[in-house]
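Structural features, examined
Here are the chains, one letter per residue:
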Amino acid sequence: MKKIAYKEMYENEMSHAWYIATRKLMIKNITKYLKKDEKILDAGCGTGGTIQFLKKAGFSNIYGVDVNKDAIGYCQKRGIKNICIGNLNNLDFKRNSFDAVICLDVLYHKNINKSTALNQFNKVLKKGGILYLQEPAFDWLKSEHDKVIETESRFTDGEIRKLVQNSGFTIIKLSYFNFLLSPIIILKRILEKLFVKNRKTSDVYRQNRSVNFIMLQILYLETKIIENFNIPFGISIICISKK
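Notes on the structure in this doc start here. Model, not experiment: these values are computed from the prediction.

Side note on the overall build of the protein
- Along its length, the protein carries nine helices and seven strands.
- Against the globule reference of 18 Å for 243 residues, the protein gives a C-alpha radius of gyration of 17 Å, in line with a compact fold.
- Oriented by its inertia axes, the alpha-carbon framework of the protein measures out at about 50 × 40 × 30 Å.
- Taken across its 243 residues, the protein has 55% of its residues classed as buried.
- Long-range contacts, defined as pairs at least 24 residues apart, comprise 77% of the intrachain contacts of the protein with a sequence gap of at least 6.
- Within the structure as shown, the protein displays about 11,700 Å² of accessible surface, and the carbon and sulfur contribution to it stands at 54%.

Comments concerning the side chain of Ser-167
- As for its position among the elements, Ser-167 is in the loop between α7 (157-166) and β6 (170-177).
- Residue classification places Ser-167 among the buried positions, given a relative accessible area of 8%.
- Only 3.4 Å separates the side chain of Ser-167 from the side chain of Asn-119, close enough to count as a polar contact.
- In this structure the side chain of Ser-167 is engaged in a polar contact, spanning 3.1 Å, whose partner is the backbone oxygen of Leu-163.

As for the side chain of Ser-182
- Examined against the element boundaries, Ser-182 turns out to sit in helix α8 (residues 182-195).
- On the basis of relative accessible area, Ser-182 is assigned to the buried category, the value being 4%.
- Apart from the residues within four sequence positions on either side, Ser-182 is in contact with Phe-233 and Ile-235.

Observations regarding the nonpolar core
- Of all hydrophobic cores here, the largest spans 72 residues; its most connected members are Leu-88 and Phe-121.
- In this structure, Leu-88 is in contact with Ala-43, Gly-44, Val-65, Cys-103, Val-106, Ile-112, Ala-117, Gln-120 and Phe-121, ignoring residues within four places of it in sequence.

Let's talk about the packing of helix α2 (residues 17-30) against helix α3 (residues 49-56)
- Where α2 meets α3, the closest approach of the two axes is 10 Å, and the angle between their N-to-C directions is 55°. The orientation of α2 with respect to α3, classified from their angle, is oblique. Considering only the axes of α2 and α3, their crossing is right-handed. Residues Tyr-19, Ile-20, Arg-23, Met-26, Ile-27 and Ile-30 of α2 form the contact with α3, whose participating residues are Thr-50, Phe-53 and Leu-54.

Digging into the pairing of strand β5 (residues 125-136)
- Burial of β5 is extensive: nine of the twelve residues sit out of reach of the surface.
- Across six bridges, the pairing between strand β4 (residues 98-104) and β5 is parallel. Among the inter-strand pairings, Cys-103 is bridged to a residue of β5, identified as Leu-133.
- In the classification by handedness, the crossover that spans β4, the intervening helix α5 (residues 114-124) and the parallel β5 is right-handed.
- Pairing of β5 with strand β7 (residues 236-242) involves seven bridges; the strand directions are antiparallel. Across the sheet, residue Ile-130 finds its bridge partner in β7, namely Lys-242.

Brief notes about the sheet that holds strand β1 (residues 40-43)
- Taken together, seven strands build an open sheet; the order of strands is β3-β2-β1-β4-β5-β7-β6 and the sheet is mixed. Looking at the sheet topology across the chains shown, the edges are occupied by β3 (83-85) and β6. Here the strands of the sheet are splayed against their neighbours by 15° on average, with no regard to which way each runs.
- Pairing of β1 with strand β2 (residues 62-66), which is carried by four bridges, proceeds in the parallel orientation. Note that in β2 the partner of Ala-43 across the bridge is Val-65.
- Most of the contacts of α5 go to β5, to which it runs at about 150°, and overall it touches β1, β4 and β5.

Description of unusual backbone geometry
- In the Ramachandran plot, Asn-82 falls in the positive-phi region, its phi being about 60° despite a non-glycine side chain.
- Note on placement: Asn-82 falls in the loop between α4 (69-77) and β3.
- Judged by relative accessible area, Asn-82 falls into the partly exposed class, the value being 43%.
- Phi angles above zero are rare outside glycine, and Asn-178 is one such case at about 70°.
- Judged by relative accessible area, which is 4%, Asn-178 ranks as buried.

A word on the packing of helix α1 (residues 3-12) against α4
- At a minimum axis distance of 10 Å, the contact between α1 and α4 shows a crossing angle of 20°. Looking at the two axes, α1 sits roughly parallel to α4. The two elements α1 and α4 meet at a crossing, and its hand is right-handed. Counted together, Lys-3, Tyr-6, Lys-7 and Tyr-10 of α1 and Asp-70, Ala-71, Tyr-74 and Lys-77 of α4 form the full contact between these two elements.
- Split into classes, the residues belonging to the contact of α1 with α4 amount to four nonpolar, no polar and four charged.

Quick notes on the rules
- Residues numbered from 1 in each chain as written.
- Predicted model: local features only at pLDDT ≥ 70, side-chain atom pairs only at ≥ 80, totals over all residues.
- Heavy atoms only, no water.
- Helix = DSSP H or I, 4+ residues; strand = E, 2+ residues; numbered from the N terminus.
- Rg over C-alpha atoms; globule rule 2.2 N^0.38 Å.
- Buried < 20%, exposed > 50% of the residue type's maximum accessible area, 1.4 Å probe, protein only.
- Contact = heavy atoms within 4.5 Å.
- Areas by Shrake-Rupley, 256 points an atom, 1.4 Å probe, with all protein chains shown as cover.
- Polar contact = N/O pair within 3.5 Å; in protein donor to acceptor, adjacent residues only side chain to side chain.
- Core = buried A, V, L, I, M, F, W, Y, C linked by side-chain atoms within 4.5 Å.
- Axes fitted to C-alpha atoms, helices over the stretch in contact; angles between N-to-C directions.
- Parallel < 35°, antiparallel > 145°, perpendicular 65-115°, else oblique.
- Left-handed = near helix turned anticlockwise from the far one by under 90°.
- Pairing = 2+ DSSP bridges.
- Right-handed = clockwise from strand over helix to strand, strands pointing away.
- Nonpolar A, V, L, I, M, F, W, Y, C, P; charged D, E, K, R; others polar.

Bear in mind that shape data such as this cannot, by itself, settle questions of function.
This is the structure we're talking about:
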């Protein structure tokens, strides 16, 4: 990602509706399978917000790895320990050493071999370990935001299914997410393609407080829906699987 994207993430990920809702969804799901002291790897930890959310939820044994030194620097600013620079294509951790791997909006970036990274996750996970993935959906939704954060390709649920199963995982849940806000987001993407070129900043910016609150309530509603149903369309995909 470009430097400005890391700066925006660091400044906004603890208060932005998207991060709050998706991290709450992730925590609610992994809590079904993990004890609070079990060992978790945040693969592609960015500026450390996900680790902070996990700590607030009571998880205590969390490690983070990211390829970017600026991201690691922001993690250190947050006072986060057990973090290191590393490449998901070649993780420098012992085999069978983690109870869970979390990878949120990372596999779609450039310079990541999706199959290789998933095989690496399988390598470092213990037998029965949990893999939690969240990735953006549909290449036709690529936008200026994707350019700023330097993405390669978005996914369909079928593509995620194939990648995960081919890497030796058994899928527990696979669903699209962010359906209720999708008409607004799709319209925004269409308008951007028509009128906005070479934007320098990402979509992660400080929003109007009222807008952020409304977004958060809509996303919270969807997290409740997804507990009992798989959603057939959305801007993102979540996948929970087991080694």
